[in-house]
Amino acid sequence: MSDAATPAPRTVREERTPSPMRKTIATRLQESYREAVHVTVHREVDAEALVSAADAADVSITDVLLRALSDALAAHPAFNATFEDGVHRLYEEHNVGVAVAVDDGLVAPVIADVGGTSLAEVAAERRRLTEAVQSGDYAMADLRGGTFTVSNLGPLGVDSFTPIINPPQIAILGVNRVRERARPTEDEDVTFRPTLPLDLSFDHRVVDGADAARFLGTLAEGIETAEASAVD
(Lines give C-alpha, C1' and ligand atoms only; values in the text may rest on other atoms or scores of the structure.)
Protein backbone atom coordinates (compact mmCIF):
# COMPACT_ATOMS: atom_id res chain seq x y z
CA MET A 1 0.00 0.00 0.00
CA SER A 2 1.32 3.43 -0.90
CA ASP A 3 1.90 5.96 1.90
CA ALA A 4 0.18 8.48 -0.34
CA ALA A 5 -3.08 6.50 -0.43
CA THR A 6 -6.13 8.65 0.22
CA PRO A 7 -8.08 7.62 3.32
CA ALA A 8 -11.75 6.77 2.96
CA PRO A 9 -13.89 9.89 3.20
CA ARG A 10 -15.94 10.49 6.36
CA THR A 11 -18.81 12.96 6.37
CA VAL A 12 -20.10 13.92 9.81
CA ARG A 13 -23.83 13.33 9.90
CA GLU A 14 -24.35 15.00 13.28
CA GLU A 15 -22.64 15.51 16.63
CA ARG A 16 -24.40 14.69 19.86
CA THR A 17 -23.61 15.91 23.35
CA PRO A 18 -24.64 13.31 25.94
CA SER A 19 -27.49 14.33 28.23
CA PRO A 20 -26.80 14.67 31.98
CA MET A 21 -28.45 11.27 32.53
CA ARG A 22 -26.33 9.65 29.82
CA LYS A 23 -23.18 11.18 31.34
CA THR A 24 -24.14 9.79 34.76
CA ILE A 25 -24.77 6.35 33.28
CA ALA A 26 -21.42 6.44 31.48
CA THR A 27 -19.61 7.42 34.66
CA ARG A 28 -21.24 4.64 36.70
CA LEU A 29 -20.58 1.99 34.06
CA GLN A 30 -16.96 3.06 33.82
CA GLU A 31 -16.72 2.92 37.61
CA SER A 32 -18.25 -0.56 37.62
CA TYR A 33 -15.79 -1.97 35.07
CA ARG A 34 -12.83 -0.20 36.66
CA GLU A 35 -13.50 -1.47 40.18
CA ALA A 36 -15.42 -4.76 39.97
CA VAL A 37 -14.05 -7.99 38.53
CA HIS A 38 -16.92 -8.98 36.24
CA VAL A 39 -17.69 -12.63 35.55
CA THR A 40 -20.94 -13.86 33.95
CA VAL A 41 -22.45 -17.33 34.22
CA HIS A 42 -25.31 -18.57 32.06
CA ARG A 43 -28.08 -21.08 32.70
CA GLU A 44 -31.25 -22.12 30.87
CA VAL A 45 -34.30 -22.87 33.01
CA ASP A 46 -37.53 -24.71 32.23
CA ALA A 47 -40.09 -21.91 32.30
CA GLU A 48 -43.37 -23.81 31.96
CA ALA A 49 -44.28 -23.41 35.63
CA LEU A 50 -43.22 -19.75 35.58
CA VAL A 51 -45.48 -18.96 32.62
CA SER A 52 -48.38 -20.90 34.14
CA ALA A 53 -47.99 -19.17 37.49
CA ALA A 54 -47.95 -15.73 35.86
CA ASP A 55 -51.09 -16.55 33.88
CA ALA A 56 -52.87 -17.92 36.94
CA ALA A 57 -52.10 -14.85 39.04
CA ASP A 58 -52.66 -12.39 36.15
CA VAL A 59 -49.19 -10.87 36.55
CA SER A 60 -46.06 -10.80 34.38
CA ILE A 61 -43.41 -13.50 34.45
CA THR A 62 -41.03 -10.83 35.79
CA ASP A 63 -43.18 -10.51 38.91
CA VAL A 64 -43.13 -14.26 39.56
CA LEU A 65 -39.41 -14.30 38.83
CA LEU A 66 -38.83 -11.58 41.44
CA ARG A 67 -40.46 -13.75 44.12
CA ALA A 68 -38.28 -16.73 43.14
CA LEU A 69 -35.26 -14.42 43.12
CA SER A 70 -36.03 -13.29 46.66
CA ASP A 71 -36.02 -16.92 47.83
CA ALA A 72 -32.64 -17.43 46.14
CA LEU A 73 -31.24 -14.31 47.81
CA ALA A 74 -32.46 -15.60 51.18
CA ALA A 75 -30.64 -18.89 50.58
CA HIS A 76 -27.49 -17.14 49.30
CA PRO A 77 -27.28 -13.85 51.23
CA ALA A 78 -23.77 -13.06 49.98
CA PHE A 79 -25.40 -11.92 46.71
CA ASN A 80 -27.87 -9.59 48.43
CA ALA A 81 -25.08 -7.23 49.20
CA THR A 82 -22.74 -4.37 48.37
CA PHE A 83 -18.96 -4.15 48.35
CA GLU A 84 -17.63 -0.73 49.23
CA ASP A 85 -14.49 0.54 50.95
CA GLY A 86 -13.28 -3.04 51.23
CA VAL A 87 -16.36 -4.16 53.17
CA HIS A 88 -18.84 -6.81 52.00
CA ARG A 89 -22.18 -5.71 53.47
CA LEU A 90 -25.03 -8.23 53.48
CA TYR A 91 -28.58 -6.91 53.91
CA GLU A 92 -31.75 -8.30 55.49
CA GLU A 93 -34.16 -6.71 52.98
CA HIS A 94 -34.22 -7.80 49.35
CA ASN A 95 -34.43 -4.39 47.69
CA VAL A 96 -34.41 -5.31 44.00
CA GLY A 97 -33.80 -2.75 41.29
CA VAL A 98 -35.59 -3.51 38.02
CA ALA A 99 -33.98 -1.81 35.02
CA VAL A 100 -36.31 0.29 32.87
CA ALA A 101 -35.37 1.76 29.49
CA VAL A 102 -36.02 5.48 28.99
CA ASP A 103 -35.12 7.86 26.17
CA ASP A 104 -31.77 8.86 27.67
CA GLY A 105 -30.68 5.44 28.90
CA LEU A 106 -31.55 3.04 31.67
CA VAL A 107 -32.65 3.53 35.26
CA ALA A 108 -33.41 0.90 37.91
CA PRO A 109 -36.17 1.85 40.36
CA VAL A 110 -36.04 -0.24 43.52
CA ILE A 111 -38.82 -2.52 44.76
CA ALA A 112 -38.33 -2.51 48.52
CA ASP A 113 -38.34 -5.68 50.61
CA VAL A 114 -39.48 -8.13 47.93
CA GLY A 115 -39.15 -10.97 50.41
CA GLY A 116 -41.71 -9.44 52.75
CA THR A 117 -44.15 -8.56 49.97
CA SER A 118 -46.89 -10.64 48.33
CA LEU A 119 -46.83 -11.42 44.62
CA ALA A 120 -49.75 -9.07 43.99
CA GLU A 121 -47.98 -6.26 45.86
CA VAL A 122 -44.73 -6.87 43.97
CA ALA A 123 -46.61 -6.70 40.66
CA ALA A 124 -48.43 -3.49 41.63
CA GLU A 125 -45.25 -1.78 42.85
CA ARG A 126 -43.25 -2.82 39.78
CA ARG A 127 -45.96 -1.40 37.50
CA ARG A 128 -46.14 1.81 39.51
CA LEU A 129 -42.41 2.36 39.43
CA THR A 130 -42.13 1.48 35.74
CA GLU A 131 -44.86 3.94 34.82
CA ALA A 132 -43.35 6.64 37.04
CA VAL A 133 -39.91 6.24 35.44
CA GLN A 134 -41.26 6.17 31.89
CA SER A 135 -43.30 9.34 32.50
CA GLY A 136 -40.43 11.06 34.33
CA ASP A 137 -42.56 11.39 37.45
CA TYR A 138 -40.26 9.73 39.96
CA ALA A 139 -38.01 10.74 42.85
CA MET A 140 -34.32 9.95 43.28
CA ALA A 141 -35.34 8.02 46.39
CA ASP A 142 -37.03 5.50 44.05
CA LEU A 143 -33.58 4.61 42.68
CA ARG A 144 -31.72 4.23 45.98
CA GLY A 145 -31.26 1.50 48.54
CA GLY A 146 -30.98 -1.40 46.09
CA THR A 147 -29.24 -4.62 47.11
CA PHE A 148 -29.54 -6.51 43.79
CA THR A 149 -30.60 -5.63 40.23
CA VAL A 150 -32.53 -7.35 37.44
CA SER A 151 -32.27 -6.36 33.78
CA ASN A 152 -34.82 -7.95 31.44
CA LEU A 153 -34.12 -7.74 27.70
CA GLY A 154 -36.44 -10.62 26.86
CA PRO A 155 -39.22 -8.37 25.53
CA LEU A 156 -36.70 -7.04 22.99
CA GLY A 157 -35.96 -10.52 21.66
CA VAL A 158 -32.56 -10.96 23.30
CA ASP A 159 -31.32 -14.51 23.94
CA SER A 160 -28.20 -13.70 25.98
CA PHE A 161 -26.18 -10.70 27.15
CA THR A 162 -23.63 -9.65 29.74
CA PRO A 163 -25.32 -7.37 32.28
CA ILE A 164 -23.07 -4.84 34.02
CA ILE A 165 -23.07 -4.72 37.81
CA ASN A 166 -24.72 -1.68 39.37
CA PRO A 167 -22.10 -0.54 41.93
CA PRO A 168 -21.72 -0.90 44.84
CA GLN A 169 -23.94 -3.98 44.45
CA ILE A 170 -22.08 -7.20 43.70
CA ALA A 171 -24.43 -8.94 41.28
CA ILE A 172 -27.03 -8.42 38.56
CA LEU A 173 -29.35 -10.90 36.83
CA GLY A 174 -29.92 -10.68 33.09
CA VAL A 175 -33.25 -12.11 31.92
CA ASN A 176 -33.76 -13.11 28.29
CA ARG A 177 -36.70 -14.10 26.12
CA VAL A 178 -38.64 -17.29 26.73
CA ARG A 179 -38.23 -19.70 23.79
CA GLU A 180 -39.50 -23.16 22.98
CA ARG A 181 -36.61 -25.62 23.22
CA ALA A 182 -36.43 -29.36 22.60
CA ARG A 183 -35.91 -31.41 25.76
CA PRO A 184 -35.59 -35.19 26.23
CA THR A 185 -38.35 -37.04 28.08
CA GLU A 186 -38.05 -40.00 30.44
CA ASP A 187 -39.20 -42.40 27.70
CA GLU A 188 -36.37 -41.23 25.42
CA ASP A 189 -38.65 -39.07 23.33
CA VAL A 190 -38.38 -35.32 22.73
CA THR A 191 -40.76 -32.58 23.83
CA PHE A 192 -40.73 -28.83 23.36
CA ARG A 193 -40.97 -26.70 26.49
CA PRO A 194 -40.64 -22.97 27.21
CA THR A 195 -37.11 -22.18 28.34
CA LEU A 196 -35.80 -19.04 30.04
CA PRO A 197 -32.08 -18.18 29.62
CA LEU A 198 -30.53 -16.32 32.57
CA ASP A 199 -27.19 -14.48 32.80
CA LEU A 200 -25.77 -13.71 36.24
CA SER A 201 -22.89 -11.22 36.42
CA PHE A 202 -21.06 -11.07 39.74
CA ASP A 203 -18.05 -9.42 41.31
CA HIS A 204 -15.37 -12.10 41.55
CA ARG A 205 -13.59 -10.15 44.28
CA VAL A 206 -16.45 -11.04 46.62
CA VAL A 207 -17.97 -14.33 45.47
CA ASP A 208 -16.70 -17.21 43.34
CA GLY A 209 -17.99 -19.04 40.29
CA ALA A 210 -19.15 -21.99 42.35
CA ASP A 211 -21.16 -19.62 44.56
CA ALA A 212 -22.80 -18.14 41.46
CA ALA A 213 -23.57 -21.60 40.10
CA ARG A 214 -25.26 -22.61 43.35
CA PHE A 215 -27.21 -19.34 43.41
CA LEU A 216 -28.49 -19.97 39.87
CA GLY A 217 -29.32 -23.55 40.83
CA THR A 218 -31.53 -22.36 43.68
CA LEU A 219 -33.14 -19.74 41.46
CA ALA A 220 -33.79 -22.35 38.75
CA GLU A 221 -35.46 -24.63 41.28
CA GLY A 222 -37.70 -21.76 42.42
CA ILE A 223 -38.65 -20.90 38.86
CA GLU A 224 -39.36 -24.51 37.92
CA THR A 225 -41.69 -24.96 40.93
CA ALA A 226 -43.27 -21.49 40.72
CA GLU A 227 -46.73 -22.76 39.81
CA ALA A 228 -47.27 -24.29 43.24
CA SER A 229 -46.38 -21.17 45.23
CA ALA A 230 -46.81 -18.11 43.01
CA VAL A 231 -50.40 -17.37 43.99
CA ASP A 232 -49.75 -17.53 47.76
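Small disclaimer: the values here were computed from a predicted structure and weren't measured.

Engineer: Quick rundown of the environment of Leu153? Include the residues and the values.
Structural biologist: Within the secondary structure layout, Leu153 lies in the loop between strand 8 (148-152) and strand 9 (171-175). Placed 53 residues apart in sequence, Leu153 and Val100 show a C-alpha to C-alpha distance of 9.8 Å. In contact with Leu153, other than residues within four places in its own chain, are Val158, Phe161 and Val175.

Engineer: Describe the packing of helix 2 (residues 48-57) against helix 3 (residues 61-75), with residues and values.
Structural biologist: Remark: helix 2 packs on helix 3, axes separated minimally by 8 Å, with the N-to-C direction vectors making an angle of 115°. Classified by the interaxial angle, the pair formed by helix 2 and helix 3 is roughly perpendicular. Both helix 2 and helix 3 take part in a crossing whose hand is right-handed. Across from Leu50, Val51, Ala53 and Ala54 in helix 2, the residues of helix 3 making contact are Ile61, Val64 and Leu65. Its residues placed into classes, the contact of helix 2 with helix 3 shows 7 nonpolar, no polar and no charged.

Engineer: Explain helix 5 (residues 209-224) to me, using residue names and the numbers behind them.
Structural biologist: Counted at 1.5 Å a residue, the expected span for helix 5 with its 16 residues is 22 Å, and the 22 Å between its end C-alpha atoms agrees. Along helix 5, the positions that sit buried rather than exposed are Ala212, Phe215, Leu216, Leu219, Ala220 and Ile223. Axial view of helix 5: buried residues confined to an arc of 140°, hence all on one face.

Engineer: How would you sum up the packing of aromatic side chains? Please name residues and give values.
Structural biologist: Applying the stated criterion across every chain, the model contains 2 aromatic pairs. Through successive ring pairs, a cluster of aromatic residues spans Phe79, Phe148 and Phe215.

Engineer: Run through unusual backbone geometry, naming residues and quoting values.
Structural biologist: Pro167 connects to Pro168 through a cis peptide bond whose omega is 5°. By secondary structure assignment, the location of Pro168 is in the loop between strand 8 and strand 9. Even without a glycine there, the phi angle at Asp58 is positive, about 55°. Within the fold, Asp58 resides in the loop between helix 2 and helix 3. On the basis of relative accessibility, which here comes to 65%, the residue Asp58 falls in the exposed class. Unlike most non-glycine residues, Asp113 shows phi in positive territory, near 50°. Secondary-structure assignment places Asp113 in the loop between strand 7 (110-111) and helix 4 (119-135).

What counts and what doesn't
- Residues numbered from 1 in each chain as written.
- Predicted model: local features only at pLDDT ≥ 70, side-chain atom pairs only at ≥ 80, totals over all residues.
- Heavy atoms only, no water.
- Helix = DSSP H or I, 4+ residues; strand = E, 2+ residues; numbered from the N terminus.
- Contact = heavy atoms within 4.5 Å.
- Axes fitted to C-alpha atoms, helices over the stretch in contact; angles between N-to-C directions.
- Parallel < 35°, antiparallel > 145°, perpendicular 65-115°, else oblique.
- Left-handed = near helix turned anticlockwise from the far one by under 90°.
- Nonpolar A, V, L, I, M, F, W, Y, C, P; charged D, E, K, R; others polar.
- Expected span 1.5 Å × (residues − 1).
- Buried < 20%, exposed > 50% of the residue type's maximum accessible area, 1.4 Å probe, protein only.
- Arc of directions from axis to C-beta.
- Phe/Tyr/Trp six-rings, centres within 6.5 Å; stacked < 30°, edge-to-face > 60°.

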